[in-house]
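Below are the chains, spelled out letter by letter.
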Amino acid sequence: EPSFLPEFSKANQTLETIYNRKSVRNFTGDKVSRQHLTELVRSGMAAPTAVDKRPWAFIAIDDRATLDKLADVLPYAQMLRQTTAAIVVCGDLQKALPDDAQAYWVQDCSAATQNILLAAESMGLGAVWTGVHPITDREELVKQKLGLPAHVIPLNVIAIGHPTGIDKPKDKWNPELLRWNSW
């Protein structure tokens, strides 16, 4: 248990999970079950969305060849070669809000991603968010590798697996960044 956990959070399982969440890039290679992957996606779908549009689509990957194909084209997702699973969080523009509000899909899918990361931590799994959108080349490569339709945009690829224990949470609290009532 990290020493930086605030005292009151030690009795609060949700806060403990939030503070213990870390970007895990080192995995044991043990298989992640489809039941776990389904539960992770379900937690993603519990996230809030603008006007309750739910403009997301999820691709759970547990196929070695597909994980390797993604690692081949995503320079910051090399840990996919070590792990046995990933979830690609996508925005479905056919479900997104119209016009200027369409871009809310990014926030909606980011909230779903954070839920997945926290759920993975709470389940004893490790996960790391690797960015795809807004880098157009990455989007196109992931679309090609996964056969995504034109209206589905990959936001990220979350590598998921059993952590080796090397990766540790960081204390990111900085009271100088908190202001009260105005700048």
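Quantities reported herein were computed from a predicted structural model and do not represent experimental measurements.

Participant: What is the right way to read the pairing of strand S4 (residues 152–161) from this model?
Facilitator: A regular strand places its side chains on the two faces of the sheet in alternate fashion. For S4, the tally of buried residues reaches 10 of 10 residues, placing the bulk of the element in the interior. Bridging between strand S2 (residues 85–92) and S4 involves eight bridges; their strand directions are antiparallel. Note on S4: the bridge partner recorded for Gly91 is Ile153.

Participant: What should I look at first to understand the environment of Thr130 in this one?
Facilitator: Summarising the element assignment, Thr130 is placed in strand S3 (residues 126–131). Since its relative accessible area comes to 5%, Thr130 is described here as buried. Sequence separation between Thr130 and Tyr19 is 111 residues; the distance between their C-alpha atoms is 20 Å.

Participant: Would you mind showing me how to read the nonpolar core here?
Facilitator: A general tendency of soluble globular proteins is for nonpolar side chains to be buried together. Counting residues in hydrophobic clusters, the biggest one holds 24 residues, and the most contacted among them are Leu40, Phe58, Ile87 and Ile160. Considering every element that reaches this core, the biggest residue donor is helix H4 (residues 104–122), with seven residues. In contact with Leu40, not counting residues within four places along its chain, are Ile87, Ile116, Ala119, Ala120, Met123, Leu125 and Ile160. Listed in part, the 21 residues of the second largest apolar core include Ala71, Ala77, Ala86 and Ala159.

Participant: What am I meant to see in a nonpolar patch on the surface here?
Facilitator: A contiguous nonpolar patch, built from Trp173, Leu178 and Trp180 and spanning about 440 Å² of accessible area, is present on the exposed surface. Within the secondary structure layout, Trp180 lies in the segment after S4. A relative accessible area of 67% places Trp180 in the exposed class.

Participant: What exactly am I supposed to notice about unusual backbone geometry here?
Facilitator: Backbone phi values are negative for most residues with the exception of glycine, while trans is the configuration of most peptide bonds. The step from His133 to Pro134 runs through a cis peptide bond, and the omega angle for that step is 10 degrees. Structurally, Pro134 can be placed in the loop between S3 and helix H5 (136–146). Phi angles above zero are rare outside glycine, and Asp52 is one such case at about 50 degrees. Within the fold, Asp52 resides in the loop between helix H2 (34–44) and strand S1 (56–61). For Asp52, a relative accessible area of 48% puts it in the partly exposed group. One non-glycine residue with positive phi stands out, namely Asn181, at about 75 degrees. Note that Asn181 resides in the segment after S4.

What counts and what doesn't
- Residues numbered from 1 in each chain as written.
- Predicted model: local features only at pLDDT ≥ 70, side-chain atom pairs only at ≥ 80, totals over all residues.
- Heavy atoms only, no water.
- Buried < 20%, exposed > 50% of the residue type's maximum accessible area, 1.4 Å probe, protein only.
- Helix = DSSP H or I, 4+ residues; strand = E, 2+ residues; numbered from the N terminus.
- Pairing = 2+ DSSP bridges.
- Core = buried A, V, L, I, M, F, W, Y, C linked by side-chain atoms within 4.5 Å.
- Contact = heavy atoms within 4.5 Å.
- Patch = residues over 30% accessible without salt bridge, like charges linked within 9 Å, V, L, I, M, F, W, Y side chains within 5 Å.
- Areas by Shrake-Rupley, 256 points an atom, 1.4 Å probe, with all protein chains shown as cover.
- Salt bridge = Lys/Arg side-chain N within 4 Å of Asp/Glu carboxyl O.

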